[in-house]
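# Topology and contacts: notes
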Amino acid sequence: MSIRDKLARLDKNSSPFREPEIQGDQESQNWIEDFEYELNARIIKEKNSFIMMESYPKIPIYSEVFELPFGSELIDVKYKIQSIDNIRIDQKILPVPYFKSINDLSPVKIDLNDMIYSSNDYFPDNWLDYKVGVGINSNDVIVKFLSLNINPVRYSPVKNNIEFINSIDVEIIYSEPELSDLSSDFDYDLVIITPSEFINYLTSLVDHKNNYNMKTVVKTIEDIYSDFDGRDNQEKIKYFVKYSIEEWNVKYVLLIGDITKLPIRTTDAYPWSGYHGNGILSDLYYADIYNEDFMFCSWDSNNNNIFGEIEEHNRMFDFINTDDVDLYPDVHIGRIPCSNSDELSIIVDKIIEDFKTGKEDRAPFWINLKDRFVHIEYFALRNEKDEYLGTLEVSQDLTNYRKLEGEQRILSYTEG
Ligand SMILES: [Ca+2]
Ligand SMILES: [Ca+2]
């Protein structure tokens, strides 16, 4: 949907935000037994999300994501509000509870953020926030995303007061791109990146994908390291992915080999302090090619060779993204984390066989890779006629989330 269509739709459907209502939350009553505060959530009907920052007031927001064409420059986002209403309350608004993993059976913990709950200031700071990034949309086209958060309710815990707005007019000003998109001559859909030692074991996979009309090319890391520049091997691979998007119109990238065979990027992100140590592994690094200016996103804009740094912000409900990591992927990425050719052959054969027979559309399993714990899932890609097109693999390092017992071995996923 174009931004004009979407703005028109917003305009047509826009109904004023209604006055927030008090709504007791049964579940939350259970969370607060140990607290002396009496807490209530206040909601607003039109909200489609909440500010979800641990220990900060759970404030309803209205979010909308717009897509601007490749090459667009966002110039400004302006807004006008007609009037601000006030509601006095005598109870505190419930904070967002601390996140925990699904299988963690300990009680939900809540706490009040001192800085917010002892402040006269209104939270959130603004009626409107937005974030911009560049990535692939649902049609696999690279666009600029403008993610708009409207905050119709703001809250001062010390004043025991809520401010809310009935309506807001938003104006998005951007320049049309000179080039409409990245379109190039069609070449390949999928590029497989592999150490040369595995290349002979990929023939059947490549044939299989080409047979199903997913045009596939293989590139070895040895060739990439000699042909592409970069501060280290990971950055050389990332520059090659950028090249494959721009020159070959590639939409899918499949990495072959575990992290001892094909390197991964180690990042220094602390998304929720206390939950993670340093050293989060990320293959998203290889998929997030462009920043919001459509330039190469190194994940290290301060050039200290520490990637993906973030700092906790004092008051904002977000973190300072020190390294300007865009986080929107510009290509689909997956990895078969095999450590030898036998593992690779087994995985390739099994996946092709199962997906051809339609037995499995989804093949999750998890394994230990040295001391890291990684969750991997394969998805069968099918077209509208339900014909098999190929597989997509998604992996996630879960070491720090891990509470699962034991290990489900490769290829023991649910059968039949
Ligand atoms: Ca850095
Ligand atoms: Ca991006």
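Up top you'll find the structure we're talking about.
Let me sum up the structure you'll find in this document. No experiment lies behind these values; they were computed from the predicted model shown.

The next subject is the overall build of the chain. A count of helices and strands for the chain gives 8 helices and 23 strands. By the burial criterion, 28% of the 416 residues in the chain qualify as buried. Relative to all contacts within the chain whose residues are 6 or more apart in sequence, the contacts with residues 24 or more apart total 69%.

This brings us to unusual backbone geometry. Geometrically, the link from Phe123 to Pro124 is a cis peptide bond, its omega value of -5° lying close to zero. Along the chain, Pro124 turns up in the loop between helix 3 (114–117) and strand 8 (128–136). Positive phi outside glycine occurs at Trp299, with the angle close to 65°. Tracing the backbone shows Trp299 in the loop between helix 7 (284–287) and strand 18 (311–312).

As a further point, take the nonpolar core. Core analysis: the biggest nonpolar cluster contains 60 residues, and Ile193, Val241, Val253, Leu254, Ile256, Val331 and Leu344 have the highest contact counts within it. Shared between two domains, this core takes at least three residues from each, and those domains are domain 1 (3–175) and domain 2 (184–416). Ignoring anything within four residues of it in the chain, the contact list for Val241 reads Val253, Tyr286, Ile289 and Val331.

One open sheet accounts for 4 strands, arranged 14-13-15-20; its pairing is parallel. Unpaired on one side and paired on the other, strand 14 (216–220) and strand 20 (332–336) mark the two borders of the sheet. Shown here is a sheet whose adjacent strand axes are inclined to one another by a mean of 20°, direction ignored. The pairing of strand 13 (residues 190–194) with strand 15 (residues 252–256) spans 4 bridges and is parallel. Pairing of Val191 across the sheet is with Val253, part of strand 15. Against the sheet, helix 4 (residues 203–211) contacts strand 13 and strand 14, and its axis sits at roughly 150° relative to strand 14.

Read across the sheet, 3 strands follow the order 6-11-10 without closing on themselves; strand pairing throughout is antiparallel. Each edge of the open sheet carries a strand with a single partner, namely strand 6 (84–88) and strand 10 (153–156). Sheet twist, expressed as the average angle between the axes of neighbouring strands with direction ignored, equals 25°. Sheet topology note: the strand 10/strand 11 (residues 161–165) ladder contains 4 bridges and is antiparallel. Across the sheet, the residue bridging to Tyr155 is Ile162, located in strand 11.

With 16 residues, helix 6 (residues 233–248) extends 21 Å from end C-alpha to end C-alpha; this agrees with the ideal 22 Å at 1.5 Å per step. Taken together, the buried positions of helix 6 are Ile237, Lys238, Phe240, Val241, Ser244 and Ile245. In a view along the axis of helix 6, the buried residues occupy a sector of 155°, so they form one face of it. In this structure, the buried side of helix 6 is in contact with strand 13, strand 14, helix 5 (221–227), strand 15 and helix 7.

Right, let's talk about the environment of Ile168 for a bit. When you line up the elements, Ile168 lands in strand 12 (residues 168–175). Taking the C-alpha atoms as reference, Ile168 lies 9.8 Å from Asn151; in sequence the two are 17 residues apart. If sequence neighbours within four positions are ignored, Ile168 has contacts with Tyr79, Ile81, Trp127, Leu128 and Ile150.

Bridging between strand 3 (residues 49–50) and strand 4 (residues 60–68) involves 2 bridges; their strand directions are antiparallel. Counted as the bridge partner of Phe50 is Pro60 from strand 4. Bridge count between strand 4 and strand 9 (residues 142–150): 7 bridges; the pairing is antiparallel. From the neighbouring strand, Ser63 faces strand 9, where its bridge partner is Asn149.

Pairing of strand 8 with strand 9, which is carried by 9 bridges, proceeds in the antiparallel orientation. Across the sheet, Gly133 pairs through a bridge with Phe145, a residue of strand 9. Connecting strand 8 to the antiparallel partner strand 9 that follows it, the hairpin turn spans 5 residues, and Asp140 within it adopts a positive phi of roughly 60°.

As a further point, take the environment of Leu148. Within the secondary structure, Leu148 sits in strand 9. Judged by local crowding, Leu148 falls into the buried class, with 20 C-beta atoms found within 10 Å. In this structure the C-alpha to C-alpha distance between Leu148 and Glu64, which are 84 residues apart in sequence, comes to 5.3 Å.

Bringing the environment of Glu343 into the picture now. Topologically, Glu343 is positioned in helix 8 (residues 341–356). Each C-alpha atom of the pair Glu343 and Gly257 lies 9.7 Å from the other, and the pair is 86 residues apart in sequence.

How each quantity is defined
- Residues numbered from 1 in each chain as written.
- Chains lettered and ligands numbered in written order.
- Predicted model: local features only at pLDDT ≥ 70, side-chain atom pairs only at ≥ 80, totals over all residues.
- Helix = DSSP H or I, 4+ residues; strand = E, 2+ residues; numbered from the N terminus.
- Buried ≥ 20, exposed ≤ 12 C-beta atoms within 10 Å, placed from the backbone.
- Contact = placed C-beta atoms within 7 Å.
- Core = buried A, V, L, I, M, F, W, Y, C linked by C-beta atoms within 7 Å.
- Domains from an automatic or database assignment.
- Pairing = 2+ DSSP bridges.
- Axes fitted to C-alpha atoms, helices over the stretch in contact; angles between N-to-C directions.
- Expected span 1.5 Å × (residues − 1).
- Arc of directions from axis to C-beta.

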